[in-house]
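Spelled out, the chains give:
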Amino acid sequence: MATLAISKKRQREQHPVHSVQGTEHSSESRSCKEEDTLFSSSALADSDYDSTDSESSQFSGLSEDDSEEESETYSDTEHTPEEFQNQPSDIKINEYEYDSSDEEDIRNTVGNIPMHWYDDYPHIGYDLSGKKILKPQTGDELDHLIEQSENPDYWRTVKDPQTGQNIVLSREDCAVIQRIKSGKYADKDVNAFNIDWPSSFESEVEIHPLSNRPEDKRSFIPSKWERLKVGKMVHSMKMGWMKTPSQRKKELEEKNDEDDHYYDLWSNEDENDRSRLKMHIPAPKITLPGHAESYNPPPEYLFSKEERSKWQETDKEDRRQDFVPHKYSSMRAIPAFKNFMNERFARCLDLYLCPRQQKMRMNVNPEDLIPKLPQPKDLQPFPTTEAIVYTGHKDLVRKISLDPLGQWMVSGSDDKTVKFWELHTGRCMKTLDFDDKVKSVAWCPNANISLVAVAVGNHVILVNPGLGDKLIVTKTDELLAESSPPEQEKGLVTTWSEYTSDSQEFTESNLRLKVTHSKSVSQISWHAKGDYFAATLSGAGNQSVIIHQLSKRRSQCPFSKPKGLVQCTLFHPNKPFLFVATQRYIRVYNLLKQELSRKLQANCKWISSMAIHPGGDNVITGSYDCRLHWFDMDLSTKPYQTLKHQKKAIRSVDIHKKIPSVCFNI
């Protein structure tokens, strides 16, 4: 809008006299005719201001050369406002036509409103008389394109938003706009750096001061509010809320470094891996054919009957060549190659299996890879020679057990006998015969009780062997006699029965009690105190494990649902825990809380046996898939160590009570 005002001001200053005297130039008449086509005739004929403005708009649309010529033509008749004061008084001057101010075009009286409100109307506003100012005709995009290519002044043509007309800016107007855009003054003659500004303070010391007012109290007393503000700032800096410019600059640099960080795809690779990519080996080339592969080979390359028969009898891997040379009269007589597909397939395998890198061979002595084994003498004590052989059983021995003092041993066999042995001499002290195979035997761990539990078929028979101290033997019989008789109740899982003192089993075989179960008993384990023992039944479902109390002759089934195929059960030596081993898991139950405490997972297919260290912190299991697992109860529910070097199935395991050694039977 500033540029429009500048151009209109210049045009009004160039042609004031001709507009006042009513003389019309030929160019002015042409401009009026053009204005008639753009505006309504009534709006142009009502006031001289409109015709004057149309003249100015016409002159503003001239090119730079025309405007210069017009300025030269009217330079002789150009007058200033002082000259108009010297004109005769009979001439009436319109002061609004020669207003040289920088005001905008005031023909449109709609005011300072958004002009897009008139987009949907045929007029663009109202003049001073209140009549509509019609919009000029605007061409389509094709007209604009033609005008852009043909009109050299298109680049400096602007549209007046108040009137809708196109106005061509002069060279001076473009220079003014360029100076304003570059941040300079519009007038090129103005130099803001050479202005002499009055100096309020000078370096010279004056005799008389500016004021003789005494200094304020705050000039020599520290400010309380500044002290509080500084204290807050110091506290913020200590807490890290406020940071110094150097700290902020450092954080900004670190943030920029993080933003510019790119992930290196090969950062984890070693230099050897990267050098491997450079060691490219080309694919192997096909060997060139020789004379024997020719369609007309020399006679010395052709096979005789003996050579052909010998070639056929030789293995394919040992043959010198994979084909029999043939001779043809011409290439047209050569038949199709029957091994073409096989040969192509072999070629593809060569390309696929060809190594694409150089193999770095290391000269390693094979003996250095073998670990250094300890000397046998460092592994002692362990049995090196056969000391005692206990002979007497006629069939497979299923189970052995030692008494708490280590003087006697009991063994059970498939020959339906139980034998008691003296450990140090190997002498058989007593033999008991039963009606079925003996599956398991267990000596009571309490040294004050002389009892042995024997599993025969569906029964668990308690035997007083009568060996050792006679006082302990008689005391055992007294304890069994003092125990309460079994209560006959419905729903019992077992039946307790007692051998009478006058029976042959009591006097000769030393049988004392018999516990009858629903299924065959496969394993027996005693509690450390000797009052409880657990029986493992095979294929009994939820009754696979039954706990018996000797003092009250009572039995109970701890599980209401089956837990799988139970292999064996053991009591914890110190704590009220019961270990139940199934095929793949070992469940540890708390007998006081009556809940599952832990579930050990053995990485095997079938657990065969289980043993607990006397301290209760380690568990050893053997399996039929030749593995021995070592569990640490304080470490994890998975095996701490696994031994896989056995070649046969492990049927039973045991831990020594004093020295750190494990034995197992395969």
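Each value, and the rule that gives it
- Residues numbered from 1 in each chain as written.
- Predicted model: local features only at pLDDT ≥ 70, side-chain atom pairs only at ≥ 80, totals over all residues.
- Heavy atoms only, no water.
- Salt bridge = Lys/Arg side-chain N within 4 Å of Asp/Glu carboxyl O.
- Helix = DSSP H or I, 4+ residues; strand = E, 2+ residues; numbered from the N terminus.
- Core = buried A, V, L, I, M, F, W, Y, C linked by side-chain atoms within 4.5 Å.
- Buried < 20%, exposed > 50% of the residue type's maximum accessible area, 1.4 Å probe, protein only.
- Pairing = 2+ DSSP bridges.
- Axes fitted to C-alpha atoms, helices over the stretch in contact; angles between N-to-C directions.
- Contact = heavy atoms within 4.5 Å.
- Lys, Arg positive; Asp, Glu negative; His and termini not counted.
- Polar contact = N/O pair within 3.5 Å; in protein donor to acceptor, adjacent residues only side chain to side chain.
- pLDDT = per-residue confidence, 0-100.
- Patch = residues over 30% accessible without salt bridge, like charges linked within 9 Å, V, L, I, M, F, W, Y side chains within 5 Å.
- Areas by Shrake-Rupley, 256 points an atom, 1.4 Å probe, with all protein chains shown as cover.
- Expected span 1.5 Å × (residues − 1).
- Arc of directions from axis to C-beta.
- Phe/Tyr/Trp six-rings, centres within 6.5 Å; stacked < 30°, edge-to-face > 60°.
- Lys NZ or Arg CZ within 6 Å of the ring centre and 35° of its normal.

### Side note on the pattern of salt bridges
Where charged atoms from two side chains of opposite charge approach closely, those side chains can pair.
Piece 1. As enumerated under the stated definition, the model contains seven salt bridges in all.
Piece 2. For Arg427, the salt bridge identified is with Glu422, shortest N-O distance 3.2 Å.
Piece 3. Among the ionic pairs, Glu498 bridges to Arg553, the shortest N-O distance being 3.2 Å. One end of the pair, Glu498, is in strand 12 (residues 495-498); the other, Arg553, is in the loop between strand 16 (545-549) and strand 17 (554-556), and 55 residues separate them in sequence.

### Description of the nonpolar core
Piece 1. Val460, Leu462 and Ile524 are the most contacted members of the largest nonpolar core, which totals 22 residues.
Piece 2. Mapped by element, the contributors of at least two residues to this core are strand 10 (452-456), strand 11 (459-463), strand 13 (511-516), strand 14 (521-526) and strand 15 (532-537).
Piece 3. Membership of the second largest hydrophobic core comes to 17 residues, among which are Val410, Val441, Val452 and Val454.

### Topic: the sheet that holds strand 17
Piece 1. If you walk across this open sheet you meet the four strands as 14-15-16-17, and the pairing is antiparallel. Edge positions in the open sheet fall to strand 14 and strand 17, since each of these has one partner strand only. Averaged over neighbouring strand pairs, the angle between their axes works out to 25° when direction is ignored.

### Quick word on the environment of Leu643
Piece 1. For Leu643, the location among the structural elements is in strand 25 (residues 641-643).
Piece 2. A relative accessible area of 39% places Leu643 in the partly exposed class.
Piece 3. Linking Leu643 and Gly622, residues 21 residues apart in sequence, is a C-alpha distance of 9.7 Å.
Piece 4. Setting aside chain neighbours within four positions, we find Leu643 in contact with Cys626, Arg627 and Leu628.

### A look at the side chain of Asp127
Piece 1. Note that Asp127 resides in the loop between strand 1 (123-126) and strand 2 (132-134).
Piece 2. One buried charged residue, Asp127, remains without a salt bridge, the closest side chain of opposite sign being Lys131 at 6.6 Å.
Piece 3. A distance of 3.0 Å separates a polar side-chain atom of Asp127 from the backbone nitrogen of Gly130.

### Considerations on the pairing of strand 15
Piece 1. The buried fraction of strand 15 is high, at five of six residues.
Piece 2. Here five bridges tie strand 14 to strand 15, and the two strands are oriented antiparallel to one another. Looking across to strand 15, one finds that Val521 is bridged to Leu537.
Piece 3. Counted along the chain from strand 14 to the antiparallel partner strand 15, the turn is five residues long, and its residue Gly530 has a positive phi close to 90°.
Piece 4. For strand 15 and strand 16, the ladder comprises five bridges, and the chain directions are antiparallel. Across the sheet, residue Ala535 finds its bridge partner in strand 16, namely Ile546.

### Quick look at the confidence of the model for the protein chain
Piece 1. Per-residue confidence for the protein chain gives a mean pLDDT of 76, with 76% of residues at or over 70.
Piece 2. Per-residue pLDDT stays below 50 along residues 1-92; that stretch engages in 109 contacts with residues further than four places along the chain or on separate chains.
Piece 3. A low-confidence stretch, residues 98-104 (pLDDT under 50), is modelled with 14 contacts involving residues beyond four sequence positions or located in other chains.

### Some thoughts on a nonpolar patch on the surface
Piece 1. Taken together, Phe345, Leu349, Tyr352 and Leu353 make up a surface patch of nonpolar side chains, about 490 Å² in accessible area.
Piece 2. With respect to the helices and strands, Leu349 occurs in helix 14 (residues 340-353).

### Considerations on helix 16 (residues 470-482)
Piece 1. End to end, helix 16 covers 19 Å across 13 residues, agreeing with the expected 18 Å (1.5 Å per residue, within 8%).
Piece 2. Of the residues making up helix 16, those classed as buried are Val473, Thr476 and Leu480. Down the axis, helix 16 shows its buried residues gathered within 60° of arc, on one side only. Summarising the geometry of helix 16, the exposed residues directed more than 90 degrees from the buried face are Lys470, Leu471, Ala481 and Glu482.
Piece 3. Looking at the buried residues of helix 16, the elements they touch are strand 13.
Piece 4. A side-chain oxygen of the first residue of helix 16 lies 3.2 Å from the backbone nitrogen of Leu471; this N-cap is Asp469.

### Quick notes on helix 9 (residues 171-181)
Piece 1. For helix 9, the full list of buried residues reads Asp173, Val176 and Arg179. For helix 9, the arc enclosing every buried residue in end-on projection is 125°, short of the 170-degree limit, so these residues lie on one face. Exposed side chains of helix 9 directed beyond 90 degrees from the buried face belong to Arg171, Gln178 and Lys181.
Piece 2. Of the residues flanking the end of helix 9, it is Gly183, one or two places downstream, whose phi is positive at about 80°.

### Thoughts on unusual backbone geometry
Piece 1. The backbone phi angle of Lys416 is positive, close to 65°, even though this residue is not glycine.
Piece 2. Residue position: Lys416 is located in the loop between strand 6 (408-413) and strand 7 (417-422).
Piece 3. Under the relative-accessibility criterion, Lys416 is labelled partly exposed at 36%.
Piece 4. At Cys626, a position not held by glycine, the phi torsion is positive, near 65°.
Piece 5. Examined against the element boundaries, Cys626 turns out to sit in the loop between strand 23 (618-623) and strand 24 (628-632).
Piece 6. Given the relative accessible area of 18%, Cys626 is considered buried.

### So, the packing of aromatic side chains
Between two aromatic rings, the relevant description is the distance of the centres plus the angle of the planes.
Piece 1. Tallied over the full model, the rule gives six aromatic pairs.
Piece 2. Pairing Tyr390 with Trp421 gives two aromatic rings, centres 5.7 Å apart and planes at 70°, and the pair type is edge-to-face. Remark: Trp421 occurs in strand 7 and Tyr390 occurs in the loop between helix 15 (366-369) and strand 5 (397-402); sequence separation between them is 31 residues.
Piece 3. Both rings, one in Phe559 and one in Tyr589, keep their centres 4.8 Å apart while their planes meet at 55°; by these two values the pair is tilted. With a gap of 30 residues between them, Phe559 in the loop between strand 17 and strand 18 (568-571) and Tyr589 in strand 20 (residues 585-590) connect regions that are remote in the sequence.
Piece 4. Positioned over the ring face of Trp225 is Lys224, at 5.3 Å from the centre of the ring.

### Observations regarding the environment of Asp477
Piece 1. Counting through the fold element by element, Asp477 comes out in helix 16.
Piece 2. Separated by 27 residues in sequence, Asp477 and Ser450 place their C-alpha atoms 9.0 Å apart.

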